[in-house]
Amino acid sequence: MSKLISDVTLAILALVCISSCNRERVVRDNIVQLTSRPVTLSCNSMRLIACENMIDTIPKQFYWVVYSDSVDCSTCRLTNLLQWGDFIHKVKNGTDNVGFRFIFSPSRRDMGAFMCTAGTLKLSSQIYLDSSNVFARQNPHVPNDVLYHTFLLDEDGNVLLVGDPVRNIEINKMFWELVMNSRLENT
């Protein structure tokens, strides 16, 4: 009986190792796909639905993009943007070279709930409604997995970081290092 248990344990460990190797490969492949060409932000083709402060029209050196498509729960993701408030405030106090673009493409079924939620939020950044799926059509290289829908772009649309700086300390550190390095280069 103990031989069977040790064989099963060994088999489970082997499966876990294979699974994590496959997961690393999938992550690497998705990041290579995402960074394979610049991301196009045609926000003028989308509807600006919420912005507590003035509209940010001055070109920036960096843009944080959070994209939510119809597969994702857009209303849930919109509500989660409240956690970005402190980060946005800190960034805007630290530099004027970073913009934010929150782009949502909810399903028709979720549109009412999404618009109701968007109307109640008081975010200090622009939220765009992409009801025509402009973002997805212009950026087919962006993976479908929601893990790759938060990223930092440079002024040319190249992806510099992938991940959520609000929930991931390492992404946050890398972001601030990029900002500080760009300041040093520009002086």
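Residues numbered from 1 in each chain as written. Predicted model: local features only at pLDDT ≥ 70, side-chain atom pairs only at ≥ 80, totals over all residues. Heavy atoms only, no water.

A. Structural context of helix α3 (residues 84–94). Restricting attention to buried positions, one finds in α3 the residues Trp84, Phe87, Ile88 and Val91. For α3, the buried positions fall inside an angular range of 100° around the axis, keeping them on one side. Of the exposed residues in α3, those oriented more than 90 degrees away from the buried face are Asp86, His89, Lys90 and Asn93. (Buried < 20%, exposed > 50% of the residue type's maximum accessible area, 1.4 Å probe, protein only. Helix = DSSP H or I, 4+ residues; strand = E, 2+ residues; numbered from the N terminus. Arc of directions from axis to C-beta.)

B. Summary view of unusual backbone geometry. Phi at Asn133 takes a positive value of approximately 55°, unusual for a residue other than glycine. Counting through the fold element by element, Asn133 comes out in the loop between β4 (126–129) and α5 (134–138).

C. How the structure looks around the side chain of Ser105. Positionally, Ser105 belongs in the loop between β3 (98–104) and α4 (111–120). Given the relative accessible area of 1%, Ser105 is considered buried. In terms of polar contacts, Ser105 uses its side chain to reach the side chain of Asn133, at 2.4 Å. (Polar contact = N/O pair within 3.5 Å; in protein donor to acceptor, adjacent residues only side chain to side chain.)

D. Just the nonpolar core, in detail. Counting residues in hydrophobic clusters, the biggest one holds 24 residues, and the most contacted among them are Trp64, Trp84, Phe87, Val98, Phe100, Phe102 and Phe175. Among the elements of the structure, β2 (62–68), α3, β3, α4, β4 and α6 (169–186) are those that each provide at least two residues to this core. Contact partners of Val98, with chain neighbours within four places excluded, come to Lys60, Phe62, Trp64, Val91, Phe175 and Val179. (Core = buried A, V, L, I, M, F, W, Y, C linked by side-chain atoms within 4.5 Å. Contact = heavy atoms within 4.5 Å.)

E. Region of interest: the pairing of β3. Within β3, seven of the seven residues are buried, leaving the element largely enclosed by the surrounding structure. The side-chain alternation of β3 yields two buried faces, one formed by Val98, Phe100, Phe102 and Phe104 and the other by Gly99, Arg101 and Ile103. Relative to β3, β2 is paired through seven bridges, and the arrangement is parallel. For Tyr63, the partnering residue across the bridge sits in β3 and is Gly99. The pairing of β3 with β4 spans four bridges and is classified as parallel. (Pairing = 2+ DSSP bridges.)

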